[in-house]
Amino acid sequence: ELKVEQNPLFLSMQEGKNYTIYCNYSTTSDRLYWYRQDPGKSLESLFVLLSNGAVKQEGRLMASLDTKARLSTLHITAAVHDLSATYFCAVVSYNTDKLIFGTGTRLQVFP
Amino acid sequence: DTAVSQTPKYLVTQMGNDKSIKCEQNLGHDTMYWYKQDSKKFLKIMFSYNNKELIINETVPNRFSPKSPDKAHLNLHINSLELGDSAVYFCASSQVSGSYNEQFFGPGTRLTVL
């Protein structure tokens, strides 16, 4: 059964700093997604990663996928307060086509 | 022109009651889903329908019954509500035949069972 783990679960960082959130998954998959959720809000799609070595960037966020290592990273560059949210990775289960979510990483950016 | 909409946004009810949550998407997608997000923010799929046909049916109590009258609507009916049903329920939709098969989520329904 596919399991998806994220770390850290909680990240408190200062504005202007860089950091990386990690997403590991346990079985083969060909699709990985990153979502953002603000408190009390819905999930907003950030990135779709479909192949090994895929890298996508939007503003201060950059996501990458290594299917051999079963690892995706979400890198934050020069964090700003507006990035404070919970970030989820989600992986499609190869056999069942189900989207399995990671535990989420709650990011807090302070001045 | 909301893409995926849910009603109601909040639902407060007593144990033992029956309630429904409605979901509609205007994206022309062929697949719709229900997810449950618990108090620890953990998201888990419950059901999915493709063109009105049940595709995914997770280990969910049979008090939960999804119904899809057409491919733009997926409702969730819950019988005999229990305290543990309190959560946020999200509807989502996607186009499975598309290369991305990206799921778009509704605003969520916060269910509180007293």
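Residues numbered from 1 in each chain as written. Chains lettered and ligands numbered in written order. Predicted model: local features only at pLDDT ≥ 70, side-chain atom pairs only at ≥ 80, totals over all residues. Heavy atoms only, no water.

Colleague: Can you explain the overall build of chain B? Please cite residues and give values.
Modeller: Each helix and strand in chain B was counted, giving zero helices and eleven strands. Taken from the N to the C terminus, the helices and strands of chain B come in the order β-β-β-β-β-β-β-β-β-β-β. For chain B, whose C-alpha radius of gyration is 13 Å, the value lies close to the compact-globule estimate of 13 Å for 114 residues. Over its C-alpha atoms, taken along the principal directions, chain B stretches across nearly 40 × 25 × 25 Å. A total accessible area of about 5700 Å² is found for chain B, and carbon and sulfur atoms account for 51% of it. Side-chain charges in chain B split into 12 positive and 11 negative, and the spacing between the mean points of these groups amounts to 6 Å. (Helix = DSSP H or I, 4+ residues; strand = E, 2+ residues; numbered from the N terminus. Rg over C-alpha atoms; globule rule 2.2 N^0.38 Å. Areas by Shrake-Rupley, 256 points an atom, 1.4 Å probe, with all protein chains shown as cover. Lys, Arg positive; Asp, Glu negative; His and termini not counted. Charge placed at Lys NZ, Arg CZ, Asp CG, Glu CD.)

Colleague: Explain the state of the cysteines to me, using residue names and the numbers behind them.
Modeller: Residue and element names in this part refer to chain B. Overall, the coordinates contain two disulfides over all chains when judged by the stated rule. Paired by a disulfide, Cys 23 and Cys 91 hold their sulfur atoms 1.9 Å apart. Here Cys 23 and Cys 91 share a disulfide; its torsion about the S-S bond, -75°, makes the bridge left-handed. Note that Cys 23 is positioned in strand E3 (residues 19-25) and Cys 91 in strand E9 (residues 87-94), a separation of 68 residues in sequence. Assigned by exposure class, Cys 23 and Cys 91 land together as buried. (Disulfide = S-S within 2.5 Å. Buried < 20%, exposed > 50% of the residue type's maximum accessible area, 1.4 Å probe, protein only.)

Colleague: I'd like to hear about the interface of chain B and chain A, residue by residue, with values.
Modeller: Facing the 17 residues of chain B at the interface are 18 residues of chain A. Three residues, Leu 43, Tyr 100 and Phe 105 of chain B, lead the burial of chain B against chain A; their summed loss comes to 30% of the area buried on that side. Joining chain B to chain A, the criterion identifies one salt bridge. Glu 58 of chain B is paired through a salt bridge with Lys 98 of chain A; the nearest N and O atoms lie 2.5 Å apart. (Contact = heavy atoms within 4.5 Å. Buried area = accessible area lost by both parts, 1.4 Å probe. Salt bridge = Lys/Arg side-chain N within 4 Å of Asp/Glu carboxyl O.)

Geometric descriptors of this kind do not, in isolation, establish any biological role.
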